[in-house]
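Chain by chain, the residues run as shown.
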Amino acid sequence: MPAQRIADLLRTAATRIGGETPRLDAEVLLAHHLGCTRGDLLLHPDRAVDGESFQALVDRRAAGEPIAHITGRREFWSLDLAVTPDVLIPRPDSETLIEVALRLCAQPPARILDLGTGSGALLLAALHEYPAATGLGIDASPAALAVATENARRTGLAQRAQFQSGNWGEGLAERFDLILCNPPYIAEDEPLSPEVRAHEPATALFAGADGLDDYRRILPQLPGLLAPGGLAVLEIGWQQGRAVSALAAEQGFLAEVHPDLAGRDRCVSLRLSCGGTE
Ligand code: GLN
């Protein structure tokens, strides 16, 4: 195949990719392929490049594979994270949890726990914001722990991040000032984009008939894991604010529901209602 203009490659790739964001997808893939930025592509539309091996990436995207699996990375809270099919792809919506933690922590937390850390996104973003803190990320999946460990290394946070295998907070003998958690919360029969269903780990997505199974496991553990005055922030499905707040109240928590940028409920913040609250 002869060299082709960047502008032409992008146009044909976008047509082949289709879906919701074909042009953006084509740009991200070509920038990844050429090892440059999207800005570089747009500045040099007439540059001729060898597009042959690029077609394989376009084919994968056209077949529905997530961009993050093709490039092997995704940005979260400005951190460049490695992503594999073993972890949930970090979503911009989950940055809401970090914003809420930053807003509600009266003083910087010294010790941070991330339950179900996956790629490590939440823990690493929090450690990035709190330079004096150290943190622990728990996951049941050894493959996910390997991704999180690699992400701690590549974000320069390995000194302050530790990862270990576990079943949520079971067996932890320590207390934390800030607990973050993005558990699975999709109900088994809930409609879900075929791309997510086919490519992302079911264990990170589904949580029983009503999507609440893992909150029922996690919430009873939290009073024993939170330091006095500590804060927990849990991601929720947009219709789960009431149900999760009620489950949290059973454990003695005061719950507050927070929306994401789209205005949909995205997380609950929890503080123990007796002792330790401001
Ligand atoms: N927000 C994800 C989605 O809807 C689900 C993440 C989760 O279950 N924790 O694809």
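Residues numbered from 1 in each chain as written. Predicted model: local features only at pLDDT ≥ 70, side-chain atom pairs only at ≥ 80, totals over all residues. Heavy atoms only, no water.

Visitor: Is there a simple way to explain the site of the ligand in this structure?
Guide: The immediate surroundings of the ligand are formed by L88, R91, N182, P183, P184, Y185, I186, A204, L205, E235 and R266. Taking R91, its side chain carries an N or O atom lying 2.8 Å from an oxygen atom of the ligand. N182 is positioned with one of its side-chain polar atoms (N or O) 2.8 Å from a nitrogen atom of the ligand. Here the ligand, which alone exposes 300 Å², has 86% of that area covered by the protein. (Near = heavy atom within 4 Å. Polar contact = N/O pair within 3.5 Å; in protein donor to acceptor, adjacent residues only side chain to side chain. Areas by Shrake-Rupley, 256 points an atom, 1.4 Å probe, with all protein chains shown as cover.)

Visitor: How do you make sense of the packing of aromatic side chains when you look at a structure like this?
Guide: Two numbers describe a pair of aromatic rings. These are the distance of the centres and the angle of the planes. Inspection of every chain in the model, using the stated rule, returns zero aromatic pairs. Directly above the aromatic system of W238 lies the positively charged group of R264, at a separation of 4.1 Å from the ring centroid. (Phe/Tyr/Trp six-rings, centres within 6.5 Å; stacked < 30°, edge-to-face > 60°. Lys NZ or Arg CZ within 6 Å of the ring centre and 35° of its normal.)

Visitor: Help me understand helix α1 (residues 6-17), please; the structure alone is not making it clear to me.
Guide: Because the α-helix completes a turn every 3.6 residues, residues three or four places apart line up on one side. End to end, α1 covers 16 Å across 12 residues, agreeing with the expected 16 Å (1.5 Å per residue, within 8%). Burial in α1 covers these residues: I6, A7, L9, L10, A13, A14 and I17. For α1, the arc enclosing every buried residue in end-on projection is 160 degrees, short of the 170-degree limit, so these residues lie on one face. Opposite the buried face of α1, at more than 90 degrees from it, the exposed residues are R11 and T15. On its buried face, α1 is in contact with β1 (4-5), α2 (22-34), α3 (38-43), β2 (48-49) and α4 (54-62). A positive phi of about 60 degrees marks G18, the residue just after α1. (Helix = DSSP H or I, 4+ residues; strand = E, 2+ residues; numbered from the N terminus. Expected span 1.5 Å × (residues − 1). Buried < 20%, exposed > 50% of the residue type's maximum accessible area, 1.4 Å probe, protein only. Arc of directions from axis to C-beta. Contact = heavy atoms within 4.5 Å.)

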